[in-house]
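# A closer look at the structure
For reference, the chains in residue letters:
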Amino acid sequence: MAIILGIESSCDETSASICIDGEIRSNSIANQIIHEKYGGVVPELASRAHQQNIIPVVQDAITAAKISKKDVNAVAFTRGPGLLGSLLVGTSFSKAFALANNIPLIEVNHMQAHILAHFIDDPKPTFPFLCLTVSGGHTQIVLVKDYFEMEIVGQTTDDAAGEAFDKTAKILNLPYPGGPLIDKYAKQGNPKAFAFPEPQIPGLDFSFSGLKTSILYFVRDKTKVDAAFIETHLADICASVQYRIVTILLAKLKKAAKLYDIKNIAIAGGVSANSGLRNLLQETAEKEGWNVFIPAFDYCTDNAAMIAIAGYYKFLKKDFVGQDIAPLARMGF
Ligand code: KG4
Ligand code: ZN
């Protein structure tokens, strides 16, 4: 039996999960609301909150899985990419846990883990597949050849898709993180109410900073003549912005699918929780004959279940690391 404890602490969620023989038995998450009033994650506050949360969150995950900490066979942790201070908390805890219990330590790449979240529930994708990974810090199209054999074939040249949502929310005076709120208001709005430009970026890469600027100028000009413009048009603005972000993402995904001649298409990361993206992906799939894989909501945003499942597949290969391991703010595949 393989019992893996997964630890995630790369940004503002402290999470622990227990995976038994490839099955997720618990996934405890402590969200940090402290950042809301600052309009974004404050790294120093995030590390301190991780320090306060990590032991109770791990205890909760172990209790919920109905095991004892002595039963754990290996501990898998997010090594990067992410906020260094936050990563240090999870890494140090994991090293100490492994040392105290005399069990192996497994490093996990957070962006690979978002993709491997597809191996938690059925149906699981078959290799090779393409995954659009969209989060607060990354936007990537990844060619997934095997569990740990992945190639980034397209990525953002500036802002991430999640950032485009969050920065738009800020312009609209909505609290952080704004992505879920834009999604909520967009449901009542007309996606064609306002037209925002589609950036002309070659190949499979993305750019979202121009879109952010055009939204900023649009709102500035409209509120000059009508101070209540945001309040009276919130749903239409949200729907139109969301429509543009989602169509940019889908256009590149379609291009990648043609280029690599792959019909197994997945989405992952926080923005994959977006209902506009999920709906347009389903629509596109019907037209293009794709098999699509959409993660459960719990496994879209940051969570330790994806770290535990990635750890499980590394455990099978005995892919362990030593106590000298250090976290990495930037980490490639
Ligand atoms: O993967 P994630 O939890 O953390 C990172 O690794 O960055 O992604 C967080 C991002 C944030 O930008 C958040 O606004 C966005 O995912 N997000 C959404 C939705 N839920 C989360 N964006 C749009 N619609 C949503 N429903
Ligand atoms: Zn993430």
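These figures come from a predicted structure and were not determined experimentally.

The next subject is the coordination of the zinc ion (ligand 2). The protein atoms donating to the zinc ion (ligand 2) are His110 (NE2), His114 (NE2) and Asp302 (OD), with metal-donor distances spanning 2.0 to 2.1 Å. Sequence spacing of the donor residues for the zinc ion (ligand 2), all on one chain, is H-x3-H-x187-D. With histidine 110 in helix α3 (residues 110–116) and aspartate 302 in the loop between β10 (291–293) and α9 (305–316), this pair connects stretches of sequence that are 192 residues apart. Comparing histidine 110 with aspartate 302 shows no difference in burial state: the two are buried.

What follows covers the site of ligand 1. Around ligand 1, the structure places 19 residues, and the nearest of them are Gly136, Asp166, Asp183, Asn274 and Asp302. Note that an oxygen atom of ligand 1 is positioned 3.3 Å from one of the side-chain N or O atoms of histidine 110. Starting from 560 Å² of accessible surface for ligand 1 in isolation, the protein chains cover 89%. Those elements that place two or more of their residues in the shell around ligand 1 are α3, α4 (161–171) and α5 (179–186).

This next bit is on the pattern of salt bridges. Enumeration according to the criterion identifies 13 salt bridges in this entry. Between lysine 212 and aspartate 159 there is a salt bridge, with the nearest N and O atoms lying 3.7 Å from each other. Of this pair, lysine 212 sits in helix α6 (residues 209–225) while aspartate 159 sits in the loop between β8 (149–155) and α4; the two residues are 53 residues apart in sequence, bridging distant segments of the chain. Here lysine 212 falls in the partly exposed class, since its relative accessible area comes to 24%. Relative accessible area serves as the criterion here: at 8%, aspartate 159 is assigned to the buried category. Residue lysine 317 pairs with aspartate 319 through a salt bridge whose shortest N-O separation is 3.9 Å.

Cut-offs used in this document
Just so you know, the residues in each chain are numbered from 1, in the order the chain's sequence is written. Lettering of chains starts at A and numbering of ligands starts at 1, both following the order in which they are written. The predicted origin of the model limits local features to residues at a pLDDT of at least 70 and limits the giving and counting of side-chain atom pairs to 80 or more, whereas totals for whole chains, interfaces and linings rest on all residues. Just so you know, side-chain values use all the structure's heavy atoms and leave hydrogens and water out. Think of the donor list as every N, O and S atom within 2.8 Å of the metal, or within 3.2 Å for Na, K and Ca; water never makes the list, so a site can look incomplete. Per the convention used, a helix needs a DSSP run of H or I reaching at least four residues, while a strand needs a run of E reaching at least two, with both numbered from the N terminus. Only protein chains enter the accessibility calculation, which uses a 1.4 Å probe; a residue whose area is less than 20% of its type maximum is buried, one above 50% is exposed, and one in between is partly exposed. Proximity is defined per residue: any heavy atom of the residue falling within 4 Å of a molecule or strand makes that residue near it. Here a polar contact means two N or O atoms within 3.5 Å. Within protein one must be a hydrogen donor candidate and the other an acceptor candidate, and residues neighboring in sequence count only if both atoms are side-chain atoms. Residue exposure ignores everything except the shown protein chains as possible cover, and the areas themselves are Shrake-Rupley values with a 1.4 Å probe. A pairing counts as a salt bridge when a side-chain nitrogen of Lys or Arg comes within 4 Å of a carboxyl oxygen of Asp or Glu.

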